[in-house]
Amino acid sequence: MHYPEPISKLMESFMKLPGIGPKTAARLAFFVLGMKEDTVLDFAKALVDAKRNLSFCSNCGHITDVDPCMICQDQSRDRTTICVVQDPKDVIAMEKMRDYTGLYHVLQGAISPMDGIGPEDINVPSLLKRLQDETVSELILATNPTIEGEATAMYISRLVKPSGIKTTRIAHGLPVGGDLEYADEVTLSKALEGRREL
Ligand SMILES: [Zn+2]
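Bear in mind the structure is a predicted one, so any value in this text is a computation, not a measurement. (Residues numbered from 1 in each chain as written. Predicted model: local features only at pLDDT ≥ 70, side-chain atom pairs only at ≥ 80, totals over all residues. Heavy atoms only, no water.)

Q: When you look at the coordination of the zinc ion in this model, what are you seeing that I'm missing?
A: Four donors placed tetrahedrally around a metal ideally meet at 109.5 degrees, and six donors placed octahedrally ideally meet at 90 or 180 degrees. The zinc ion binds to the protein through C57 (SG), C60 (SG), C69 (SG) and C72 (SG); the donor distances cover 2.3 Å. Each of the 4 donor atoms bound to the zinc ion contributes to angles spanning 105 to 116°, and the resulting shape is tetrahedral. Site description for the zinc ion: donor spacing in sequence, C-x2-C-x8-C-x2-C. Highlighted residues: C57 in the loop between strand 1 (55–56) and strand 2 (63–64) and C69 in the loop between strand 2 and helix 4 (70–73), separated in sequence by 12 residues. Here the two residues C57 and C69 agree in accessibility, since each one is buried. (Donors = N, O, S within 2.8 Å, 3.2 Å for Na, K, Ca; no water. Tetrahedral: all angles 85-135°; square planar, octahedral: opposite > 155°, others 65-115°. Helix = DSSP H or I, 4+ residues; strand = E, 2+ residues; numbered from the N terminus. Buried < 20%, exposed > 50% of the residue type's maximum accessible area, 1.4 Å probe, protein only.)

Q: Would you mind showing me how to read a nonpolar patch on the surface here?
A: A cluster of nonpolar side chains, namely F43, L47 and V48, defines an oily patch on the protein surface of about 290 Å² accessible area. With respect to the helices, strands and loops of the structure, V48 is situated in helix 3 (residues 37–53). Here V48 falls in the partly exposed class, since its relative accessible area comes to 38%. (Patch = residues over 30% accessible without salt bridge, like charges linked within 9 Å, V, L, I, M, F, W, Y side chains within 5 Å. Areas by Shrake-Rupley, 256 points an atom, 1.4 Å probe, with all protein chains shown as cover. Salt bridge = Lys/Arg side-chain N within 4 Å of Asp/Glu carboxyl O.)

Q: Sorry if this is basic, but what is going on with the sheet that holds strand 4 (residues 102–106) here?
A: Remark on secondary structure: sheet strands pair via backbone hydrogen bonds, oriented parallel or antiparallel. The 5 strands are arranged 4-3-5-6-7 in an open sheet whose pairing can be described as mixed. Whereas interior strands pair on both sides, the edge strands pair on one side only; in this sheet they are strand 4 and strand 7 (196–197). Note: strand 3 (residues 78–85) against strand 5 (residues 138–141), 4 bridges, orientation parallel. Bridge pairing in strand 5 places I82 opposite L139. Each of strand 3, strand 4 and strand 5 is contacted by helix 6 (residues 124–133), which is oriented at about 150° to strand 4, the strand it contacts most. (Pairing = 2+ DSSP bridges. Contact = heavy atoms within 4.5 Å. Axes fitted to C-alpha atoms, helices over the stretch in contact; angles between N-to-C directions.)

Q: Could you clarify how one ought to interpret the pattern of salt bridges in this entry?
A: Any two side chains of opposite charge can pair, on the condition that their charged atoms come close. Within this structure, the stated rule accounts for 6 salt bridges. Between D49 and K45 there is a salt bridge, and its shortest N-O distance comes to 2.7 Å. Here K45 and D49 lie together in helix 3, a separation of 4 residues that amounts to about one turn. The salt bridge involving R130 is made with E134; its shortest N-O contact spans 3.1 Å. Overall, the relative accessible area of 23% leaves E134 in the partly exposed class.

Next up, the structure:
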């Protein structure tokens, strides 16, 4: 089917998003056509603003509009515990649970030799630097319960162990192969509570 050029361009833009195929892209593009111009402008502005104003915290790697992020800046948090996660979305999931008051470190991925991703390609070096500079007594490894997530947790644990910092792994109430961000709050809370020392 041949669409007028502005529609095809809009469809192509939607198709750059994850999980959007041609059919959904067409549906969304036509939906936008039916929206009020003001709403469309607000929508476009929100996209640009999010991109321009958000970056990664230079300390923990979480997504933020201030640097260091609000969590790193918050002096009321337990600064002796760092929870290591793969993705900023995992921090949001953990924060929703409200049981955790320590700090975070976002790896921005996991070690995956098959994909050529080594420790240097994710935020492992910055984690090691933090462990030297900050007074940390426990590192909670909350990477995803996937092969890559487990390998990453083991790698970090082995690396950190000689320093005397306690490393723990969240319990497997989490579905194997699942992502932290999709776990409900109760499951996540139980997983945190049942963490064991590595
Ligand atoms: Zn931070």
